[in-house]
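Descriptive structure summary
Okay, here's what each chain looks like letter by letter:
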Amino acid sequence: MIRWKFTFDKDEEQDWLNEYAQQGWAMAGFFVGVVTFVPCLPGEFIYQIDLLPGKGLRADDYEGYVIFMNDLGVEIVQRWGRWVYLRKRAEEGPFEVYTDTESKLDLYRRIRALFLWGLLIEFCCSFSGLNVLIQFPGDIFARCLVGIYIVVVALFLRAVLQCTRKIRELEKERE
């Protein structure tokens, strides 16, 4: 089964994957919002999503991370740059990658930083779209291009704001 789910919200996507697992569908792969599921026993897996430390799309010590996760009985289902989809068999007990407030704060700060870079890149690219629109004001392609840039900038901005809200909640929890 193939489903479309493109979100900039880690928690929403993670909950969505776990809902499907409860219904008997295990994630088999992911590419740009297209998620492939295969049948499994209802509730067989628990999913978590992680953003590995690193720069850009390169993760720091990915091989060490894989070994560590394997030692914990965690399977890496899919990796997309530094974004990692993990699962563990539910029969082995609860599964949460980050259990303390500090590590959760670090995770959401990494996610926010990634989205801030994306926002900056998209914002800069949008100037080329505006330039095309200025040169060809009646062109439907130029209008669509600017519209796409506006939507993507808004999505990245929303993701940054959601991460900031989550960071503030965790900081209050820490106090």
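Since the structure is predicted, the reported quantities are computational estimates derived from the model, not experimental observations.

**Observations concerning the sheet that holds strand 4 (residues 45-51)**
Taking strand neighbours across the sheet as the criterion, the three strands line up as 4-8-7 in an open arrangement whose pairing is antiparallel. The two strands at the open ends of the sheet, each matched to only one other strand, are strand 4 and strand 7 (75-80). Sheet twist, expressed as the mean angle between neighbouring strand axes with direction ignored, is 20°. As defined by bridge partners, strand 7 adjoins strand 8 (residues 83-89) across five bridges and the pair is classed as antiparallel. Paired with I76 across the strands is L86, a residue of strand 8. On the sheet, helix 1 (residues 10-22) packs against strand 4 and strand 8 and is oriented at approximately 160° with respect to strand 4. Packing of helix 2 (residues 62-71) onto the sheet brings it into contact with strand 4, strand 7 and strand 8, and relative to strand 7 it is tilted by some 155°.

**Some words on unusual backbone geometry**
One non-glycine residue with positive phi stands out, namely D61, at about 45°. Checked against the element boundaries, D61 lands in the loop between strand 6 (58-59) and helix 2. Under the relative-accessibility criterion, D61 is labelled exposed at 55%.

About the cut-offs
- Residues numbered from 1 in each chain as written.
- Predicted model: local features only at pLDDT ≥ 70, side-chain atom pairs only at ≥ 80, totals over all residues.
- Heavy atoms only, no water.
- Pairing = 2+ DSSP bridges.
- Helix = DSSP H or I, 4+ residues; strand = E, 2+ residues; numbered from the N terminus.
- Axes fitted to C-alpha atoms, helices over the stretch in contact; angles between N-to-C directions.
- Contact = heavy atoms within 4.5 Å.
- Buried < 20%, exposed > 50% of the residue type's maximum accessible area, 1.4 Å probe, protein only.

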